[in-house]
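# Close look at the chain arrangement
Spelled out from the first residue to the last, the chains are:
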Amino acid sequence: MTASPPITPEVMPIPRKLTEPARRNLVGLTRPQLRAALVDAGTPEHQARMREVQVWQWIYQKGVRDFDEMSNLAKDYRARLKDHFTIEVPEVVTRTVSADGTRKYLVRIAGGHEVEVVYIPEEGRGTLCISSQVGCTLTCTFCHTGTQRLVRNLTAAEIVGQIMLARDDLGEWPEPGRAPKDETRLISNIVLMGMGEPLYNFDSVRDAMKITMDGEGISLSRRRITLSTSGVVPEIGRTATEIGCLLAVSLHATTDELRNELVPINRKYPLAQLFEALRAYPKLSNSERITFEYVMLKGVNDSDADARRLVKLIAGIPAKINLIPFNEWPGAPYQRSDWDRIEAFADILYKAGYASPIRTPRGEDIMAACGQLKSATERARKSRFEIAAEAGLPQPERIVRRPNAPDVH
Ligand code: SAH
Ligand code: SF4
């Protein structure tokens, strides 16, 4: 046996990253958090308020990402900020532009996850649809996002970062010295209607929206922000008092029996409980009306009787109804209602005194329409039973096969 060569310990260089303290991202910190972070990094207490305002304005009013551009801060203070902090928004992986001008951004967040952000330009305004979670723990049977396996909550930075990256792409940060005007904004409205259930990620959504509404930053009015929920009843009151934005509710059915199937969270919070919380909302939030979203599924929820029940259900609530023609996705177990059926349904609502616009599907050619969002890397389909167990929901019943709708299992 030959003697083994002596082992010479190799000196492995320690990666630089491990030797450096992690720098903290300033994006997504609320104002008190930002001020505390600046103090932790050595900003004297008596200057903290002023520094907070200066840094805040650079980040959210001017869209600056580099501390060196913060020209009203002394050079050595900028160097200190650079040592401690970063200013980071999620990375845009791809941008797809639809024939109708709708833009869909596929965005990468920490951990390699992806979410989608959609910009919908309209005459004199523009709406940005942002996501609150990767995937969704709920399992609405008509929704593509609900079939996505991986779920994590987005951080406040990742939520407000979606607005910032869209502003980057649209070139909407003001020229130096020019204040943004509401009437000319490309992103005039924000809807939390992308991937995820925003009320299952309440704190981060609230912090991100507070940052968005702040008058010294992006400065969007709370009336231009709409949060859409499937009906997480315990958080509806807090949405009014802690965010104060407009509320949209994904109703989609007028009986518990059908809603239990389409929007399974209804088993936990049935219609009676949902409507009790909704009746309190306008007063609590001082907002005019609630939007009811109603996806039109052929032969499932689109009869005249459904429309009449809907009118009864929302009686007394200042309301607007958004009829959403079902957007199909590969393997979807439903079909879109015929156009004349949608119009007949809308007519019953209209005659009862409700504005009920039929939402024109936008960006369908790039799979950017409502409920079609799902990141390409995370297409593994979860079983509805698995998802319900994770979300602490009762196990779903087997779906009854309907005409024109193949069983989803
Ligand atoms: N989780 C929240 C917000 C995201 S979904 C919620 O459910 O409200 C945004 C809207 O798109 C909801 O009204 C949802 O019901 C609707 N939607 C989901 N899938 C759809 C589809 N395939 N076609 C049309 N609308 C859909
Ligand atoms: Fe989740 Fe909303 Fe889709 Fe339902 S409709 S699965 S709550 S994203």
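The name that an unreviewed UniProt entry assigns to the protein is Dual-specificity RNA methyltransferase RlmN, with the source organism given as Rhodovulum euryhalinum. Per UniProt, the protein carries the Subcellular location (unreviewed entry) text "Cytoplasm". Quoted verbatim from the Sequence similarities (unreviewed entry) heading of the UniProt record, the comment on the protein is "Belongs to the radical SAM superfamily. RlmN family."

### Here's the deal with the site of ligand 2
What surrounds ligand 2 is the set C136, L138, C140, C143, G146, G196 and S230. Class assignment of the residues belonging to the shell around ligand 2 gives a composition of 4 nonpolar, 3 polar and no charged.

### Description of the environment of G217
The residue G217 is located in the loop between helix 6 (202-213) and strand 10 (225-229) in this model. Relative accessible area serves as the criterion here: at 4%, G217 is assigned to the buried category. Spatially, the C-alpha atoms of G217 and I59 are 7.7 Å apart, while their sequence positions differ by 158 residues.

### Section: the site of ligand 1
As a matter of local geometry, ligand 1 sits amid 20 residues, with G196, S228, S250, H252 and N327 nearest to it. F142 is positioned with one of its backbone polar atoms (N or O) 3.0 Å from a nitrogen atom of ligand 1. Within the contact set of ligand 1, an oxygen atom lies 2.6 Å away from a side-chain nitrogen or oxygen of S250. Across the shell around ligand 1, the residue classes break down as 9 nonpolar, 9 polar and 2 charged.

### Structural notes on the environment of S71
Within the secondary structure layout, S71 lies in the loop between helix 3 (45-61) and helix 4 (75-84). Here S71 falls in the exposed class, since its relative accessible area comes to 56%. For S71 and Q54, which are 17 residues apart along the polypeptide, the C-alpha to C-alpha distance reads 10.0 Å. Every residue in contact with S71, bar those within four places of it in the chain, is listed here: W58 and R78.

### Some points on the nonpolar core
If you look at soluble globular proteins, the nonpolar side chains tend to sit buried side by side. Counting residues in each nonpolar core, the largest one holds 106 residues, and the members touching the most others are F142, M209, L278 and F292. Counting the residues that make up this core, at least three belong to each of domain 1 (24-86) and domain 2 (91-391). With near-sequence residues (within four places) excluded, F142 lies in contact with H252, L262, V263, V295, L297, F326, W329 and Y334. With 6 residues, the next largest nonpolar core counts V118, C129, V191 and A248 among its residues.

### Things to note about the side chain of R78
Within the element layout of this structure, R78 appears in helix 4. Comment: no salt bridge for buried R78; closest opposite-charge side chain is D68, at 4.4 Å. The contact partners of R78, leaving out residues within four places of it in the chain, are F67, D68, M70, S71 and L73.

Conventions we followed
- Residues numbered from 1 in each chain as written.
- Chains lettered and ligands numbered in written order.
- Predicted model: local features only at pLDDT ≥ 70, side-chain atom pairs only at ≥ 80, totals over all residues.
- Heavy atoms only, no water.
- UniProt positions renumbered as here; feature names shortened; annotations may be inferred.
- Near = heavy atom within 4 Å.
- Nonpolar A, V, L, I, M, F, W, Y, C, P; charged D, E, K, R; others polar.
- Helix = DSSP H or I, 4+ residues; strand = E, 2+ residues; numbered from the N terminus.
- Buried < 20%, exposed > 50% of the residue type's maximum accessible area, 1.4 Å probe, protein only.
- Polar contact = N/O pair within 3.5 Å; in protein donor to acceptor, adjacent residues only side chain to side chain.
- Contact = heavy atoms within 4.5 Å.
- Core = buried A, V, L, I, M, F, W, Y, C linked by side-chain atoms within 4.5 Å.
- Domains from an automatic or database assignment.
- Lys, Arg positive; Asp, Glu negative; His and termini not counted.
- Salt bridge = Lys/Arg side-chain N within 4 Å of Asp/Glu carboxyl O.

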